Amino acid sequence: MCWECDHPGATRDDYLNYVAGLIAEHGWAVQGVQRDRIRPPWAYTVGLTAHGEPELVVTGLPLGRASGLIHDVAEHVLHATAPRPGEQIALRDGPLIEIVKVSVPSAHLVTAVEMYGPGLRALQVVHADDRGHWPWDVGYRGVRGGQPVLGERAKTRRRAA
C-alpha cells in the first residue's frame, strides 16, 4: 500500500518530509507510480540531485523489480560516475540496460521536482527484455503498456558491469 493511503489524514508536506527523512538516511528514495489503465508502472529516484547527480527513472517493470534495479544503479552513481546517455551496461544478475537522457523530467518525476525544482536532470534506465530486445525493437516483450522511453536515444556505447 502507498504511504499516502496508509496516512489518510496527512498532507503533501507530511509526505515530502517523510521522503526527506529517507534521503537523509539512505542518500535517495525511490518513488513508485502504480500502473493505471493505459500506462505501465514506473519508478524514479528522489535525492540524487542533492549529490549533484541526475535522478534515475525506470518504466515498464513491476514496482518491486523497478525499485531493485534503480537502487543498484543509484548506488553506482553515488560511488562512481553516472552512466552517460547511450551507454549500454550488462548488469550482473540483471538485465542489459541502456541509458537515455530524459527530455522533460518535470513531466514524470513529480516528487523530485517538488523537492528540487523543475530544472533537475534525469536519466532513464531502459532495460532489454528477456530475449535482449529493446522497446524500440520489433518483437519487444514487455509488460502491458510497454516501456515508454522518455527521451531520444544517444549513440550507443557498450560497457560491462
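Residues numbered from 1 in each chain as written. Predicted model: local features only at pLDDT ≥ 70, side-chain atom pairs only at ≥ 80, totals over all residues. Heavy atoms only, no water.

1. Examining the overall build of the protein
Broken down by element type, the protein carries four helices and seven strands. The order of α-helices and β-strands along the protein, N terminus first, is α-α-β-β-β-α-β-β-α-β-β. In terms of C-alpha radius of gyration, the protein reaches 15 Å, essentially the compact-globule figure of 15 Å for 161 residues. Principal-axis analysis of the C-alpha atoms places the extent of the protein at approximately 45 × 35 × 30 Å. When the 161 residues of the protein are sorted by exposure, 40% land in the buried category. Excluding contacts between residues fewer than 6 apart, the proportion of contacts in the protein whose partners are at least 24 apart in sequence is 56%. Surface summary for the protein: the accessible area is close to 8700 Å², and the carbon and sulfur share equals 52%. A gap of 10 Å separates the mean positions of the 17 positive and 18 negative side-chain charges of the protein. (Helix = DSSP H or I, 4+ residues; strand = E, 2+ residues; numbered from the N terminus. Rg over C-alpha atoms; globule rule 2.2 N^0.38 Å. Buried < 20%, exposed > 50% of the residue type's maximum accessible area, 1.4 Å probe, protein only. Contact = heavy atoms within 4.5 Å. Areas by Shrake-Rupley, 256 points an atom, 1.4 Å probe, with all protein chains shown as cover. Lys, Arg positive; Asp, Glu negative; His and termini not counted. Charge placed at Lys NZ, Arg CZ, Asp CG, Glu CD.)

2. A closer look at the nonpolar core
The nonpolar side chains of soluble globular proteins are, as a tendency, buried together. With 18 residues, the main nonpolar core has Leu56, Val58, Leu69, Val73, Ile97 and Val125 as its most contacted residues. Within the residue set of this core, elements represented by two or more residues are strand S3 (55-59), helix H3 (63-79), strand S5 (96-101) and strand S6 (122-127). (Core = buried A, V, L, I, M, F, W, Y, C linked by side-chain atoms within 4.5 Å.)

3. Overview of the environment of Asp129
Mapped onto the elements of the fold, Asp129 is located in the loop between S6 and strand S7 (157-160). Relative accessible area serves as the criterion here: at 9%, Asp129 is assigned to the buried category. When the C-alpha positions of Asp129 and Val77 are compared, they lie 23 Å apart, and in sequence the two are 52 residues distant. In this view, Asp129 contacts Gly139, Tyr140 and Arg141; residues no more than four positions away in its chain are not counted. A polar contact of 2.8 Å, which involves the side chain of Asp129, links it to the backbone nitrogen of Arg131. (Polar contact = N/O pair within 3.5 Å; in protein donor to acceptor, adjacent residues only side chain to side chain.)

4. Section: the pattern of salt bridges
When charged atoms on two side chains of opposite charge get close, those side chains can pair. Overall, the coordinates contain six salt bridges when judged by the stated rule. Between Asp130 and Arg141 there is a salt bridge whose closest N-O contact spans 3.0 Å. One end of the pair, Asp130, is in the loop between S6 and S7; the other, Arg141, is in the loop between S6 and S7, with 11 residues separating them in the sequence. Take Arg141: its relative accessible area is 46%, and that puts it in the partly exposed class. (Salt bridge = Lys/Arg side-chain N within 4 Å of Asp/Glu carboxyl O.)

5. A few points about helix H2 (residues 12-26)
The end-to-end C-alpha distance of H2, which contains 15 residues, comes to 21 Å, matching closely the 21 Å that a straight helix rising 1.5 Å per residue would cover. When H2 is considered as a whole, its buried residues turn out to be Tyr15, Leu16, Val19 and Ile23. The arc enclosing the buried residues of H2, seen along the axis, measures out at 100 degrees, which places them on a common side. Summarising the geometry of H2, the exposed residues directed more than 90 degrees from the buried face are Asp13, Asn17, Ala24 and Glu25. Buried residues belonging to H2 abut helix H1 (3-6), strand S1 (29-33), strand S2 (42-46) and helix H4 (110-116). The first or second residue beyond H2 is Gly27, which carries a positive phi of 100 degrees. (Expected span 1.5 Å × (residues − 1). Arc of directions from axis to C-beta.)

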